[in-house]
Amino acid sequence: MILQDNFARKFTYLRLSVTDVCNFKCSYCLPDGYEKPSSVCDPLNLNEIKTIARAFANLGTKKIRITGGEPSVRKDLTDIIRICSETKGIETVALTTNGYKLDKYIEQWIDAGLTNLNVSIDSLDPKMFKQICGQNRLTEIFAGLDKAAKLGLNKIKVNVVLMKQYNQNEFNQYLEWIKDKPISLRFIELMQTGDNKQFFMDNHISGETLKQQLLDSGWTRVISESHAGPAQEFSHTDSLGKVGLIMPYSKDFCATCNRLRVSSQGKLHLCLFGEEGLPIRQWCQQEESEALEQKIVEYLKLKKVSHFLQDGNSGSTRHLAMIGG
Ligand code: SAM
Ligand code: SF4
């Protein structure tokens, strides 16, 4: 069984947000830091996560990405990784993290079954990093990244959001940095959300501009497999590292959508930029996952053909920490 929507898109990838809390203050996401919303309830517990992982696996999901907020603020993150990796049918367990606790916990996480790691590093310069994320942690994050590689984790990506008024000039430094590292850089185009409209207007850089710069300097497009998702990948004969561009504003970005999202509040989000999530928590209370599976299949019929970001409509998402970027 594979989940499929009304537009013949197949969904084998779940992004599971395990908290909306974060300890960073990224200028494009939570510039004033995390503030507890009045309506928030406890995040999904381990039993609920187990049922969700099982339901999606039974519906053909092969990969779960654990995200947030910052997933490592949860003391039971290692257990969450283990639950996902031990779920029958799940082949890939990925984590997206700001790297704050990477150095300390990466060994545990790998032992628990982590296979893929994405670390967000928005600057290679400590001062600029602090300016963007509000934390002075670059040295520790690099140490964590090195440790992950030494421990044999070979699927490591580094996420970067380039912004006009901040790190725009670091594009070439990033390319230089991965020359001798088997890292896949992910340049994520800054996205407009409910809370960052002015920031977006002041800082947005089109992914097409970066693509042109890559092509002009000898990078070539890697033809991705059909289920690879929306990133455009590039390689260069002189570089061990690769580059991926995530360009949500580009034409046809949604055509290759292969992911569904569940928020830490137990809501299914059919799109990062859709409306309010659809409630699934009440079907996560028992170990058996059949009822939840039926609900997911039913909800998927509501998935729209694309987002409406081009029209300045970012749905009800105030910031990506809310439902997991
Ligand atoms: N806290 C973790 C982290 O930062 O890696 C995981 C959650 S964060 C929401 C996931 C990814 O979304 C990060 O790489 C972050 O840079 C990206 N992100 C957040 N807000 C964004 C925005 N408005 N536009 C583009 N990327 C964004
Ligand atoms: Fe936190 Fe990640 Fe948002 Fe930065 S991008 S504020 S690290 S959730």
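Residues numbered from 1 in each chain as written. Chains lettered and ligands numbered in written order. Predicted model: local features only at pLDDT ≥ 70, side-chain atom pairs only at ≥ 80, totals over all residues. Heavy atoms only, no water.

Student: Explain empty space enclosed by the protein here, please?
Tutor: The rolling of a water-molecule-sized probe over the atoms marks out the regions of remaining empty space. Taken as a whole and assessed by the stated rule, the structure comprises one cavity of 30 Å³ or more. Taken as a whole, the largest cavity spans an internal volume of roughly 70 Å³. Of all the secondary structure elements, the ones that give two or more residues to the lining of the largest cavity are β8 (184-188), α8 (207-216) and β11 (242-246). The class makeup of the residues in the lining of the largest cavity is nine nonpolar, one polar and one charged. (1 Å grid on protein atoms, 1.4 Å probe; cavity = no way out; pocket = protein on both sides within 12 Å on 5 of 7 lines; lining within 4 Å. Points joined across faces, edges and corners; volume = space filled by probe spheres on them. Helix = DSSP H or I, 4+ residues; strand = E, 2+ residues; numbered from the N terminus. Nonpolar A, V, L, I, M, F, W, Y, C, P; charged D, E, K, R; others polar.)

Student: Looking at this structure, I do not really get the pattern of salt bridges. What am I missing?
Tutor: Where side chains of opposite charge bring their charged atoms close, a pairing between them can arise. On inspection of all chains with the given rule, the structure shows 10 salt bridges. Ionic pairing is found between Lys181 and Asp180, a salt bridge with its closest N-O pair at 3.4 Å. Taking the shortest distance from any N to any O, the salt bridge between Arg186 and Glu233 comes out at 3.4 Å. Of this pair, Arg186 sits in strand β8 while Glu233 sits in strand β10 (residues 232-235), placing them 47 residues apart in sequence. (Salt bridge = Lys/Arg side-chain N within 4 Å of Asp/Glu carboxyl O.)

Student: Is there a simple way to explain the sheet that holds strand β6 (residues 116-120) in this structure?
Tutor: By way of backbone hydrogen bonds, the strands of a sheet pair with one another, either parallel or antiparallel. Spatial ordering of the open sheet is given by β9-β10-β11-β8-β7-β6-β5-β4-β3-β12-β13-β14, a layout of 12 strands whose pairing is mixed. Since the sheet does not close on itself, it has two edges, and those belong to β9 (220-222) and β14 (278-279), each with one partner. Note that strand β12 (residues 259-262) and strand β13 (residues 267-269) share two bridges and pair antiparallel. When the bridges of β13 are listed, Arg261 appears paired with His269. The strands touched by helix α1 (residues 46-58) are β3 (13-17), β4 (63-67), β12 and β13; relative to β3, the strand with the most contacts, the crossing angle is about 165°. Helix-sheet contacts for α8 involve β8, β9, β10 and β11, and the interaxial angle to β11 is about 155°. (Pairing = 2+ DSSP bridges. Contact = heavy atoms within 4.5 Å. Axes fitted to C-alpha atoms, helices over the stretch in contact; angles between N-to-C directions.)

Student: Whenever I open this one, the packing of aromatic side chains confuses me. Can you help?
Tutor: Any pair of aromatic rings gets described here by the distance separating the centres and the angle formed by the planes. In this structure the tally under the stated criterion is nine aromatic pairs. Ring geometry for Phe24 and Tyr100: centres 6.1 Å apart, planes at 80°, overall edge-to-face. Pair noted here: Phe24 is in the loop between β3 and α1 and Tyr100 is in the loop between β5 (92-97) and α3 (102-111), with a separation of 76 residues, a long-range link. The structure contains a cluster of three or more aromatic residues connected by ring pairs, namely Phe142, Phe171, Tyr174, Trp177 and Phe187. If you follow Lys63 out to its NZ or CZ, it ends over the ring of Tyr13, 4.5 Å from the centre. Of note, Arg137 hangs over the ring of Tyr100, and the distance from its end group to the ring centre comes to 4.0 Å. (Phe/Tyr/Trp six-rings, centres within 6.5 Å; stacked < 30°, edge-to-face > 60°. Lys NZ or Arg CZ within 6 Å of the ring centre and 35° of its normal.)

Student: Whenever I open this one, the site of ligand 1 confuses me. Can you help?
Tutor: In the neighbourhood of ligand 1, 19 residues make up the surrounding shell, with Tyr28, Gly69, Ser120, Asn159 and Met191 lying closest. Residue Tyr28 places a side-chain N or O atom 2.8 Å away from an oxygen atom belonging to ligand 1. Asn159 places a polar side-chain atom, nitrogen or oxygen, 3.0 Å from an oxygen atom of ligand 1. Coverage of ligand 1 by the protein chains reaches 95% of its 540 Å² of free accessible surface. The residue inventory of the shell around ligand 1, partitioned by class, reads seven nonpolar, 10 polar and two charged. (Near = heavy atom within 4 Å. Polar contact = N/O pair within 3.5 Å; in protein donor to acceptor, adjacent residues only side chain to side chain. Areas by Shrake-Rupley, 256 points an atom, 1.4 Å probe, with all protein chains shown as cover.)

Student: Hey, could you run me through the site of ligand 2 in this one?
Tutor: By nearness alone, every residue bordering ligand 2 is listed as Cys22, Phe24, Cys26, Cys29, Leu30, Gly69, Asn98 and Ala321. Residue classes in the shell around ligand 2 are distributed as six nonpolar, two polar and no charged.

Student: Just checking my understanding: could you explain the layout of surface pockets for this structure?
Tutor: In this model, the second largest pocket occupies a volume close to 590 Å³. Looking at the second largest pocket, it is lined by 27 residues, and the ones nearest its centre are Asp20, Pro37, Arg318, His319 and Met322. By residue class, the composition of the lining of the second largest pocket is nine nonpolar, 10 polar and eight charged.

Student: Please explain the side chain of Thr317 as it appears in this structure.
Tutor: Position of Thr317 among the secondary structure elements: in the segment after α9 (290-300). A distance of 2.7 Å separates a polar side-chain atom of Thr317 from the backbone oxygen of Leu272. Thr317 has contacts with Thr193, Gly194, Leu272, Phe273, Gly274, Met322 and Ile323, leaving out every residue within four places of it along the chain.

Interpretation note: all reported values are geometric properties and have no functional meaning in isolation.
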